[in-house]
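Architecture at a glance
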There are 2 protein chains.
Amino acid sequence: MTQTPMLKVLAFDVFGTVVDWRGPICAESGLFLEKIGQQHIDSGQFTDDWRKKYLTGMASYAKSGREFTILDVLHREMLEETLRDHGIDPATLDPALLQDWTFAWRRLAPWPGSVEGLTRLKRRFPIVTLSNGNIALMLEMARRGGLPWDTIMGAEVTRAYKPDPRAYLGTAEVLGLAPGDVCLVAAHHSDLAAARKCGLKTAFVARPMEYGGRPAPDAKLEQDWEWSADSLVELADQLGC
Amino acid sequence: MTQTPMLKVLAFDVFGTVVDWRGPICAESGLFLEKIGQQHIDSGQFTDDWRKKYLTGMASYAKSGREFTILDVLHREMLEETLRDHGIDPATLDPALLQDWTFAWRRLAPWPGSVEGLTRLKRRFPIVTLSNGNIALMLEMARRGGLPWDTIMGAEVTRAYKPDPRAYLGTAEVLGLAPGDVCLVAAHHSDLAAARKCGLKTAFVARPMEYGGRPAPDAKLEQDWEWSADSLVELADQLGC
């Protein structure tokens, strides 16, 4: 009967933080490129080109003035652009194949320890996504990978893309919490820096293989985050879960 | 690598279907009425009056033209109206007490078998809420009661209240599914009838104690639903989970 304030919440970036994107997208793109007779194109380069369009698109989305559009649709557009950059006209390809290729982003596999770490963290904290992925995408990924989210939040709930402040502040608002009661868990310094500016707590998880061992594009934005761990299992240790 | 269409989804009404509202709200309201020195008011009647405002409010929300407002806020307004109807001026009461009383709706307990039934259904189908409850409310209720949702959907995602068709159609759209690929599970014939008009599949779960054993206000809207069960465990049996 006592007042029961919502527990503090852990909100997770997903692409790169909870799941690996480069390995799976590279493997699938290699097979799709072969299927369309373009196996001479380097699938690693193709993957990096596709992801770069995402990073650029998200960083400039708010300024673009474009109406909110879900990531499944943006991923498809970016795939088509990447194909054009490589001299392939997507209009000559089977639309079902393009959709399947796009949905490779729904099939990303958890990093080792992600499911165990989330399961332990969930014992003590509500765990939600704060990802740019849309709900259908995140739901399929969670079902395939066994990611035990309490609920899927982020882009589609706030209708804003990180690093737009409305994505972070809107998530806290929907949770009925002050920004400082929400902790963003992410492998990206740029994401954490934007969250901190909005007043959220921050937890960094190192993912040195996200870019195949090369430095991340935002490596220079590193700060002294509230927590820093090498895996979600280690973060669970640090948070006493 | 094959195309992996999203599995069909089970979308659940929550108040009355997954959790009991009358028993818990009646018990908490009895204690709150005592706390404010109004123990002469019948807590069962008070609970029914409060719930009736909800049913009326939801049925007329779309027509009212009011901007979308989350249920936590509406529950508070309706509590204050119910108090006034009983001759109590809410302005004379402690706002923290009123908020705690309002949040009794976050503390509703699952019906017997709900957690077991949902856990079994989740093995085969994604299970999501299609409730008028807002995310923070549903999240706290799920954490307290151990309701294993894949994700919380409904009002705040579609910004529409059932029985507004936009609530059902918008949920299917966000899931990336045709309405016929989503099955609403509910204890209320009125909810199921509205879902069916939108093309959703329907599963009825009987909750004869929802109104303390009295007939539900929508009893006459009964139809031949695709599935009909006496509990979520029985529904899991019927769906082969």
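The name an unreviewed UniProt entry gives chain A is (S)-2-haloacid dehalogenase, with Sphingomonas mucosissima as the organism. According to the UniProt record, the Catalytic activity (unreviewed entry) comment for chain A reads "an (S)-2-haloacid + H2O = a (2R)-2-hydroxycarboxylate + a halide anion + H(+)". In UniProt, chain A has this text filed under Function (unreviewed entry): "Catalyzes the hydrolytic dehalogenation of small (S)-2-haloalkanoic acids to yield the corresponding (R)-2-hydroxyalkanoic acids."

Once that is clear, we can look at the overall build of chain A. Each helix and strand in chain A was counted, giving eleven helices and six strands. Expected size for 241 residues packed as a compact globule is a radius of gyration near 18 Å; at 18 Å, chain A falls within 12% of this value. With respect to the three principal axes, the spread of C-alpha positions in chain A is 65 × 35 × 35 Å. Looking at chain A as a whole, 60% of its 241 residues are labelled buried. Of the contacts made within chain A by residues no fewer than 6 positions apart, 69% connect residues no fewer than 24 positions apart. With an accessible surface of roughly 9,800 Å², chain A has 54% of that area assigned to carbon and sulfur atoms.

We now examine the sheet that holds strand E3 (residues 151-154) of chain A. Residues and elements named next belong to chain A. Strand order in the open sheet formed by six strands is E3-E2-E1-E4-E5-E6, with parallel pairing between adjacent strands. Since the sheet does not close on itself, it has two edges, and those belong to E3 and strand E6 (227-229), each with one partner. In this sheet, neighbouring strand axes are inclined to one another by 25 degrees on average, regardless of whether the strands run parallel or antiparallel. Of the pairings in the sheet, the one linking strand E4 (residues 182-186) to strand E5 (residues 201-205) comprises four bridges and is parallel in character.

Residue and element names in this part refer to chain A. At the junction of Lys162 and Pro163, the peptide bond is cis and its omega measures out at 10 degrees in the coordinates. Along the chain, Pro163 turns up in the loop between helix H8 (155-158) and helix H9 (165-174). Unlike most non-glycine residues, Arg159 shows phi in positive territory, near 55 degrees. Tracing the chain through its elements places Arg159 in the loop between H8 and H9.

Our next topic: helix H4 (residues 71-85) of chain A. All names here are of chain A. Its 15 residues place the ends of H4 20 Å apart at the C-alpha level, agreeing with the 21 Å of an ideal helix rising 1.5 Å per residue. All buried positions along H4 are accounted for by Leu71, Asp72, Leu74, His75, Arg76, Met78, Leu79, Thr82 and Leu83. In the core, the buried residues of H4 are packed alongside helix H2 (43-59), helix H3 (61-64), helix H5 (95-102) and helix H7 (135-145). One or two positions beyond H4, positive phi appears at Gly87, with a value near 80 degrees.

Parameters and conventions
Residues numbered from 1 in each chain as written. Chains lettered and ligands numbered in written order. Predicted model: local features only at pLDDT ≥ 70, side-chain atom pairs only at ≥ 80, totals over all residues. Heavy atoms only, no water. UniProt positions renumbered as here; feature names shortened; annotations may be inferred. Helix = DSSP H or I, 4+ residues; strand = E, 2+ residues; numbered from the N terminus. Rg over C-alpha atoms; globule rule 2.2 N^0.38 Å. Buried < 20%, exposed > 50% of the residue type's maximum accessible area, 1.4 Å probe, protein only. Contact = heavy atoms within 4.5 Å. Areas by Shrake-Rupley, 256 points an atom, 1.4 Å probe, with all protein chains shown as cover. Pairing = 2+ DSSP bridges. Axes fitted to C-alpha atoms, helices over the stretch in contact; angles between N-to-C directions. Expected span 1.5 Å × (residues − 1).

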